[in-house]
Structures are given as structure tokens and as C-alpha cells.
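If you want the building blocks of each chain, they are given just below.
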Amino acid sequence: MQILGISGSIRSGSYNRALHSAAAGLMPESGHLAISDLHKIPLYDDELAREDPPQAVIAFREYITQSDGLLIASPEYNYSISGVLKNALDWAGTHTLGNLLEEKIIAIMGASRTIFGTVRAQLHLRQVLQAANAIVIRKPEVYVPRVQDLVAEDNTIQDERTLEKMRALLEVLLSEIRRHQ
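Overview of the structure. (Residues numbered from 1 in each chain as written. Predicted model: local features only at pLDDT ≥ 70, side-chain atom pairs only at ≥ 80, totals over all residues. Heavy atoms only, no water.)

Points about the overall build of the chain
The cut-off we apply is this: Helix and strand labels come from DSSP, where a helix needs a run of H or I of at least four residues and a strand needs a run of E of at least two; each type is numbered from the N terminus. The globule rule is 2.2 Å times the number of residues to the power 0.38, and the radius of gyration it is compared with is taken over C-alpha atoms. Residue burial is assigned from relative accessible area. The probe radius is 1.4 Å, only protein chains are included, and a residue is buried under 20% of its type maximum, exposed over 50%, and partly exposed in between. The contact criterion used is simple: two residues touch if any of their non-hydrogen atoms lie within 4.5 Å. Shrake-Rupley sampling with a 1.4 Å probe provides the accessible areas, and residues are treated as covered by the protein chains on show and by no other component.
Helix and strand content of the chain: six helices and six strands. Start at the N end of the chain and walk to the C end: the helices and strands fall as β-α-β-α-α-β-α-β-α-β-β-α. Over its C-alpha atoms the chain spans a radius of gyration of 15 Å, differing by no more than 12% from the 16 Å that the globule rule assigns to 181 residues. Structurally, the chain occupies a C-alpha span of about 50 × 35 × 25 Å along its principal axes. Counting over 181 residues, the chain shows a buried share of 47%. Within the chain, contacts between residues at least 6 apart in sequence are counted, and of these 78% link residues at least 24 apart. Here the chain displays about 9,200 Å² of accessible surface, and carbon together with sulfur accounts for 49% of that area.

Some details on the pairing of strand β4 (residues 105–111)
Spelled out, the test is: Following DSSP output, two strands are said to pair if at least two bridges run between them. We call a crossover right-handed when, viewed with both strands directed away from the observer, the connection leading from the first strand over the helix to the second proceeds clockwise.
For β4, a buried count of seven out of seven residues is recorded, marking the element as mostly surrounded by other parts of the structure. By the alternation rule, side chains of β4 split into I105, A107, M109 and A111 and I106, I108 and G110, which are all buried. Looking at chain direction, strand β3 (residues 69–73) and β4 are connected through five bridges and run parallel. The partner of I72 across the bridge, within β4, is I108. The handedness of the β3 to β4 crossover, carried by helix α4 (residues 83–93), is right-handed. Across three bridges, the pairing between β4 and strand β6 (residues 142–144) is parallel. Note on β6: the bridge partner recorded for M109 is V142.

A word on the packing of aromatic side chains
Definition in use: Each pair of aromatic rings taken from Phe, Tyr and Trp, with Trp reduced to its six-membered ring, is defined by centres within 6.5 Å and is described as stacked if the planes are under 30 degrees apart, edge-to-face if over 60, and tilted in the remaining cases. Two limits define a charge over a ring: the Lys NZ or Arg CZ must be within 6 Å of the ring centre, and within 35 degrees of the ring normal.
One pass over the structure, following the stated rule, counts one aromatic pair. Here Y44 and W91 contribute two aromatic rings whose centre-to-centre distance is 4.8 Å and whose plane-to-plane angle is 70°, an arrangement assigned as edge-to-face. Taken together, the residues span a long stretch of sequence, with Y44 in the loop between β2 (32–35) and α2 (46–51) and W91 in helix α4 at a distance of 47 residues. Classification of Y44 by relative accessible area gives partly exposed; the value is 26%. Above the plane of the ring of Y79 lies R120, whose end atom (NZ or CZ) is 3.8 Å from the centre.

A closer look at the pattern of salt bridges
Note the threshold: The salt bridge criterion pairs a side-chain nitrogen of Lys or Arg with a carboxyl oxygen of Asp or Glu, the two atoms within 4 Å.
In total, this model carries five salt bridges according to the counting rule given. Its salt-bridge partner being R120, residue E76 comes within 2.8 Å of it at the nearest N-O pair. One end of the pair, E76, is in the loop between β3 and α4; the other, R120, is in helix α5 (residues 119–131), with 44 residues separating them in the sequence. With a relative accessible area of 23%, R120 lands in the partly exposed category.

Brief notes about the packing of α4 against α5
Relative orientation and spacing of two packed helices are given, respectively, by the angle between their axes and the distance between those axes. Which entries qualify depends on this criterion: In this analysis an axis means a line fitted to C-alpha atoms, helices contributing only their contacting stretch, and an angle means the value between N-to-C directions, from 0 to 180 degrees. Orientation categories follow fixed angle ranges, with anything under 35 degrees roughly parallel, anything over 145 roughly antiparallel, 65 to 115 roughly perpendicular, and all other angles oblique.
Interaxial distance between α4 and α5 falls to 11 Å at its minimum, and their mutual angle equals 10°. Classified by the interaxial angle, the pair formed by α4 and α5 is roughly parallel. Of the residues in α5, those touching α4 at L85, K86 and L89 are L125, V128 and L129.

Some thoughts on helix α3 (residues 55–66)
Going by this rule: Each helix should span, by expectation, one fewer than its residue count multiplied by 1.5 Å. Here the arc refers to the set of directions running from the helix axis out to each C-beta atom.
Here α3 spans 16 Å end to end across 12 residues, near enough to the 16 Å set by a 1.5 Å rise per residue. Within α3, burial applies to V57, F60, R61 and I64. For α3, the angular spread of the buried residues around the axis is 95°, confining them to a single face. Among the exposed residues of α3, those oriented more than 90 degrees off its buried face are Q55 and Q66.

Have a look at this one:
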């Protein structure tokens, strides 16, 4: 099964990208995780979508179409998801080009430096995905608080409890995909 990882952070040392890297190593044999790059996706513009969607948008949408499910890792900015992530989801779920998130099976996780992890951001993310009529995995919930204390110098996740929760989330994601196929 092909899973597309979407990180809400484009920072080179992103903790949420570190979550995706860890997830790639935890993926059961029946799955493969490819990680998207949102750097070149422009701000959503319905006129641009109608006239001539940029190549970066076309490629991103093609990755979503080819994937069996999505694994979103979101930071928390001002109690919500990042603008980068919201923008990518707008391009994926636009009715102008066709809503690719409709009934797409999606697992979410997130890491932040705060004691709250990404609890509030994930609530907002669930609302956005509900509006797109996606199928979102409810549990296990993977919120990684104080992530800076759980990563090594090479930005790899070192906390066994976090890795176990991620492994469980991946198993549920793949199970749900099989159930809906």
C-alpha cells in the first residue's frame, strides 16, 4: 500500500518531518511511505486553479491520487495548523479541480515544543478534513509534546513510547485502507 506523508512544516530541521522519517522506518511490510514536499506549492487561488494550475500543484495532486492513504504530521501554530498545511489541503480538496480528499483514509499525528503537543491543531485539522469528507483515523492519537527532548542530534525520534504509538497508528491506517478497498 502506498501512503503519502504530508508535513505541515517545511523547515529543514522540522520535528514533524522527523516524525515522517520515523514512520517510514516503522511502516509494516505491506506499506510504503513517500513524503511530499510542499515548498513549491503556491497560495491557493481559484482563478489559477481554473486557468493553469502550477506544475507543483499538479504533481502534489497526482501523488494524492496514487496513494491509498495519507499520513499528515502537523505542527501547532497559534493553536491551529500551519498555513502551509492548510494551503496544501485547499489545493487537494478544491472543488474546482476535484476534491481528492473525499473518502481518502487519513491518519494524523503531530509534534511541538509545548506541553500540549498538537492537541489544538489536530482538532482544527479534523474539522478541515471533515469538511472535505475524508475518513480520518480517530485512534490512536499521536500528540508529541516537548518533542525537543525526544529527538537525537540528528533529528531522529528516540522515544520508544512515541515510536510505539506511531507504529499502532500505522497499523490502524493500513487496516482501514484494506477494509475500504
